[in-house]
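Here are the chains, one letter per residue:
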Amino acid sequence: MRSIKTKLFSLALAACMVLALAGCAMSTPSTVGTIGGVEIPAGIYLLAQYNSYNTAANAADLATGETASDVKAVLKATCTGTINGEEVTAVGSDYVAQLTTRAIEYYAAVEKQFAEQNGVLDDAATAEAAKTADSLWTSNGDLYTANGISKTSVENYLLNAQKAKAMLRMSYGADGTTPVTDEEYTDYVNNDCYYIEAVQFPLVNYSSHSMATDDEKTAIMATAESCLTTLNQTATAETASNSALYTAAMTYVPQAMAAMGSTLNASQAVYYAASQLYTPDNLSSYGSDEYNNLTDPLDEAGMNNWTVIDLGTTILVARKIDPFKTYTVEDLNNMYDLLTSMKSTAIQDELYAAGAALEHNLNNSALNTYSAANIKKNV
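Rules used throughout
Residues numbered from 1 in each chain as written. Predicted model: local features only at pLDDT ≥ 70, side-chain atom pairs only at ≥ 80, totals over all residues. Heavy atoms only, no water. Helix = DSSP H or I, 4+ residues; strand = E, 2+ residues; numbered from the N terminus. Expected span 1.5 Å × (residues − 1). Bend = angle between axes of the 7 residues up to and from the residue. Buried < 20%, exposed > 50% of the residue type's maximum accessible area, 1.4 Å probe, protein only. Pairing = 2+ DSSP bridges. Core = buried A, V, L, I, M, F, W, Y, C linked by side-chain atoms within 4.5 Å. Contact = heavy atoms within 4.5 Å. Axes fitted to C-alpha atoms, helices over the stretch in contact; angles between N-to-C directions.

(A) Spotlight on helix H14 (residues 338-357). Taking 1.5 Å of rise per residue, the 20 residues of H14 would be expected to cover 28 Å, and the 29 Å separating its terminal C-alpha atoms lies within 8% of that figure. At serine 344, H14 is deflected by roughly 45 degrees, the largest bend along its length.

Quick look at the structure:
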């Protein structure tokens, strides 16, 4: 009888141990440790890792037939890209790890400094984070869930980004610790930006969605030259916003569209005239320092002088002018958010550096639990 009881007890104990072990296997840590005393929730880590994987997948040298959704292939592939301002070539798993570490360091630096400076997000910033989280969850919620990322984690990650955005103004805004001066704004506009007036002549027939033929392009170019002549006669060199610009668009753009068999009335054509400040980020899309398809022709023409520029899908009749003939620094800052254009990279670099310098107390066991090998790209 004792033997039977002993065996039953042993079996029951073994069953409990199996269940206990199973419970341990199924449980997952809620955080991966701290950086600078800031707790890194597991959901934030997983989201940072997932985003880092997507970046690595785009940088991976994949074999024929392999895709960005093939997690094993990406983690084994050679990835080449820029990390911390330097070109890095590494195996995919290490590349993802480096990007993930950098992301959570940034997260920690933002949380720490925002709290230390008694930062408070306004209602608009909070609402924007919530709205973006809703949108992301609608399109990717199933995939996030499969990767252990909750909607709350997505929203908190976005709130962190809003805090970083707020810190830009806390550092460099008018009431910041190191405010940008009017002289710095003026120098930036004069030396790094282009204020351009232009009439646009599309080389795409929006009715047929086809490019202009050679004959059509020749006719459009002739129309642009006529527009140039008119603007040289009517648009003054001293005015940043000139009604002659809109009159020219209403006159010549319908003619150019007609050359491609399209009809455009004058009231619609006015939208093909524009006066705009182009920041370095805007200008970079037109080419490099070696040759920029927009700025080099404008520089060749000289300030206030109209010129015709062929951008491939559009012909511009354009000129560079001085916006300070019409606008103040405050006007331009309100219209174009010069502060963000000037200092967003600087504040990001500062936060990345601050995060890397913080004390790291990460839990290796937790990091191993949330290995990138567990990432899912299909649900």
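(B) Molecular detail of the pairing of strand S6 (residues 194-202). Among the nine residues that make up S6, eight are buried, leaving the element largely enclosed by the rest of the structure. Pairing geometry for S6 and strand S9 (residues 273-278), over six bridges, is antiparallel. The residue bridging isoleucine 196 from the neighbouring strand is glutamine 276, located in S9. With eight bridges joining them, S6 and strand S11 (residues 314-321) adopt antiparallel strand pairing. Within S11, the residue paired with alanine 198 across the bridge is alanine 318.

(C) Examining the sheet that holds strand S3 (residues 60-61) more closely. With respect to topology, three strands assemble into an open sheet ordered S3-S4-S5, the strand pairing being antiparallel. The open sheet terminates on both sides in strands that have one partner only, identified here as S3 and strand S5 (86-91). Here S3 runs beside strand S4 (residues 78-83); their pairing, made up of two bridges, is antiparallel. Along S4, the bridge assignment pairs aspartate 61 with threonine 78.

(D) Highlighting the nonpolar core. With 69 residues, the main nonpolar core has Ile40, Tyr53, Tyr95 and Leu351 as its most contacted residues. In terms of residue count, the dominant contributor to this core is helix H4 (residues 92-116) (11 residues). Setting aside anything within four residues of it in sequence, one finds leucine 351 in contact with Tyr106, Ala109, Val110, Gln113, Ala164 and Met167.

(E) Fine view of the sheet that holds strand S2 (residues 38-41). If you walk across this open sheet you meet the three strands as S2-S1-S12, and the pairing is antiparallel. At either margin of the open sheet sits one strand with a lone partner, and together these are S2 and strand S12 (360-362). Looking at each pair of strands side by side, their axes are set apart by 20 degrees on average, direction ignored. Bridge count for strand S1 (residues 31-35) against S2 is three bridges, and the pairing is antiparallel.

(F) Up close: helix H9 (residues 243-259). Taking 1.5 Å per residue, 17 residues should reach 24 Å; H9 reaches 25 Å between its end C-alpha atoms and fits that length. The sharpest bend along H9 reaches about 25 degrees and sits at tyrosine 252, with the proline proline 254 one to four residues further on. Taken as a whole, H9 has its buried residues at Ala244, Leu245, Ala248, Ala249, Tyr252, Val253, Pro254, Ala256 and Met257. Phi for glycine 261, located one or two positions after H9, is positive at around 85 degrees.

That is the geometry; function is a separate question.
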